Amino acid sequence: MLWITRFSGFFSAAMAVIVLSPSLQSFPPAAAIRSSPSPIFRKAPVVFNNGDECLSSGGVCNPSLVHVAITLDVEYLRGSIAAVNSILQHSICPESVFFHFIVVSEETNLLESLVRSIFPGLKFNIYDFAPETVRGLISSSVRQALEQPLNYARNYLADLLEPCVSRVIYLDSDLVVVDDIAKLWKTSLGSRIIGAPEYCHANFTKYFTGGFWSEERFSGAFRGRKPCYFNTGVMVIDLKKWRRGGYTKRIEKWMEIQRTERIYDLGSLPPFLLVFAGHVAPISHRWNQHGLGGDNVRGSCRDLHPGPVSLLHWSGSGKPWIRLDSKRPCPLDALWTPYDLYRHSH
């Protein structure tokens, strides 16, 4: 866990170390990973074992497990591997964390083999996500990366994961966890379907078009609610309640409306806001220090908010591995590098 109050001096030094380090090679394209996956990442430096205080973990249906879902694809793979590494490093009971990796079908065997080579003994399953599931529902966004089908896989976790998995933590690929993930897992959702850090000071109206707000048939969706912005890159989801309430269909309904009415501009986030905003179990902001990737266009550098930090999230267009390899890092990118297992990054 980190406690951030004053950090300008530390990050100035960190920036100097990064700039003066040996040449960093760019993350290889998908073709290079497919042709030679094994040399690209180093094996995790330690074996992650449970302490004496941890319960027996067992298979995927064991009730003592912490379930974490992350997407895997060759473009963001370096980020996903760093995220997994960070979770394991800070878990008191790492063998009790079960990972659910969502992949597009044609990359299943490749990515499963790669994960096993990096993290021997890791508990995980791979789930095929067919792009056709959402391709007809996706509309253009402010950034092309937000239009990728895998970005919508979080909508289908209740269908993809085993029925015995009743709760899951969903995490984006561009983050690192610096605290014990079990603390987030134990969050009480009460009667809610999802939990996430909320940001009620944010201008909520900007997430939808003027046409949305001018038409009661759309904006009326928030009647009786006090909606706040939340970032869908870190969520605790009650899958049992999700399945019972048919929430995947509710999200798809708004995506279908978007295809013809253009009620928002920002990828997979607005449908979640339409369905859940105002009905979210609040989680401490320490669990999503988001926006470190800057805005969705320029990817400018940003600072952390003061206070405790359990998770650092490079949401936005700037990703730490890209900025590091281009030798134009932001100061906070230094906090991502300890978890990077890319073979040529050190």
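Residues numbered from 1 in each chain as written. Predicted model: local features only at pLDDT ≥ 70, side-chain atom pairs only at ≥ 80, totals over all residues. Heavy atoms only, no water.

In the nomenclature of an unreviewed UniProt entry, the protein chain is known as Hexosyltransferase of Arabidopsis lyrata subsp. lyrata.

Notes on the overall build of the protein chain
Summing up its helical and strand segments, the protein chain has 13 helices and 13 strands in all. By the burial criterion, 57% of the 346 residues in the protein chain qualify as buried. Counting only carbon and sulfur atoms, one obtains 53% of the accessible surface of the protein chain, whose full area is about 15100 Å². (Helix = DSSP H or I, 4+ residues; strand = E, 2+ residues; numbered from the N terminus. Buried < 20%, exposed > 50% of the residue type's maximum accessible area, 1.4 Å probe, protein only. Areas by Shrake-Rupley, 256 points an atom, 1.4 Å probe, with all protein chains shown as cover.)

Focus on the confidence of the model for the protein chain
For the protein chain, per-residue confidence averages 87 on the pLDDT scale, and 84% of positions sit at 70 or higher. Contacts of residues 4-25 to residues separated by more than four positions or lying in other chains number 27 contacts, the stretch itself having pLDDT below 50. (pLDDT = per-residue confidence, 0-100. Contact = heavy atoms within 4.5 Å.)

Remarks on unusual backbone geometry
For Arg262, which is not a glycine, the phi torsion comes out positive at approximately 50°. Overall, the relative accessible area of 32% leaves Arg262 in the partly exposed class. Not every positive phi belongs to a glycine, and Lys327 is a case in point at roughly 60°. Looking at where Lys327 falls in the secondary structure, it is placed in the segment after helix 13 (320-325).

Concerning the packing of aromatic side chains
The final tally for this structure, using the stated rule, is 24 aromatic pairs. Ring geometry for Phe212 and Trp213: centres 4.9 Å apart, planes at 90°, overall edge-to-face. Here Trp242 and Phe276 contribute two aromatic rings whose centre-to-centre distance is 5.4 Å and whose plane-to-plane angle is 35°, an arrangement assigned as tilted. Pair noted here: Trp242 is in helix 10 (residues 239-245) and Phe276 is in helix 12 (residues 269-276), with a separation of 34 residues, a long-range link. Through a chain of ring-to-ring contacts, three or more aromatic side chains come together here, namely Tyr199, Phe204, Tyr207, Phe208, Phe212, Trp213, Phe218, Phe222 and Tyr229. The cationic tip of Arg167 hangs over the ring face of Trp185; the distance from NZ or CZ to the ring centre is 5.8 Å. Taking NZ or CZ as reference, Arg250 lies 4.1 Å from the ring centre of Tyr247, over its face. (Phe/Tyr/Trp six-rings, centres within 6.5 Å; stacked < 30°, edge-to-face > 60°. Lys NZ or Arg CZ within 6 Å of the ring centre and 35° of its normal.)

As for the side chain of Glu252
Mapped onto the elements, Glu252 comes out in helix 11 (residues 247-261). A relative accessible area of 12% means that Glu252 is categorised as buried. A polar side-chain atom of Glu252 sits 2.5 Å from a polar atom in the side chain of Tyr156. Discounting chain neighbours no more than four positions away, the residues touching Glu252 are Leu137 and Tyr156. (Polar contact = N/O pair within 3.5 Å; in protein donor to acceptor, adjacent residues only side chain to side chain.)

Section: the state of the cysteines
Covalent bonding between the sulfur atoms of two cysteines is what defines a disulfide. What the rule picks out here adds up to four disulfides. At a sulfur-sulfur separation of 2.0 Å, the disulfide partner of Cys54 is Cys93. Taking the sign of the torsion about the S-S bond as the criterion, the disulfide between Cys54 and Cys93, at about -90°, is left-handed. In this pair, Cys54 sits in the loop between helix 2 (30-35) and strand 2 (66-71) while Cys93 sits in the loop between helix 3 (77-90) and strand 3 (97-104), placing the two residues 39 residues apart along the sequence. Here Cys61 engages in a disulfide with Cys164; their sulfurs sit 2.1 Å apart. (Disulfide = S-S within 2.5 Å.)

Here's the deal with the pattern of salt bridges
Any two side chains of opposite charge can pair if their charged atoms end up close together. All chains considered together, the criterion is met by 14 salt bridges. In this structure, Asp340 engages Arg78 in a salt bridge whose closest nitrogen and oxygen atoms are separated by 2.8 Å. A residue pair is termed long-range when its members are at least 10 positions apart, and Asp340 in the segment after helix 13 and Arg78 in helix 3 qualify at 262 residues. Considered together, Asp340 and Arg78 belong to a single accessibility category, that of buried residues. (Salt bridge = Lys/Arg side-chain N within 4 Å of Asp/Glu carboxyl O.)

Observations regarding helix 11
Between the first and last C-alpha of helix 11 there are 21 Å, a value that for 15 residues agrees with the 21 Å anticipated at 1.5 Å per step. At its buried positions, helix 11 is contacted by helix 6 (157-160), helix 9 (216-219), helix 10 and helix 12. Looking one or two residues past helix 11, Arg262 carries a phi angle of roughly 50°, positive in sign. (Expected span 1.5 Å × (residues − 1).)

A short note on the sheet that holds strand 5 (residues 167-171)
One open sheet accounts for seven strands, arranged 4-3-2-5-10-7-11; its pairing is mixed. This sheet does not close on itself; its edge strands, each paired only once, are strand 4 (124-129) and strand 11 (281-282). Here six bridges tie strand 2 to strand 3, and the two strands are oriented parallel to one another. If you follow Ala69 over to strand 3, its bridge partner there is His100. The strands that helix 3 touches are strand 2, strand 3 and strand 5; relative to strand 2, the one it contacts most, it runs at about 165°. Packing of helix 4 (residues 108-118) onto the sheet brings it into contact with strand 3 and strand 4, and relative to strand 4 it is tilted by some 160°. (Pairing = 2+ DSSP bridges. Axes fitted to C-alpha atoms, helices over the stretch in contact; angles between N-to-C directions.)

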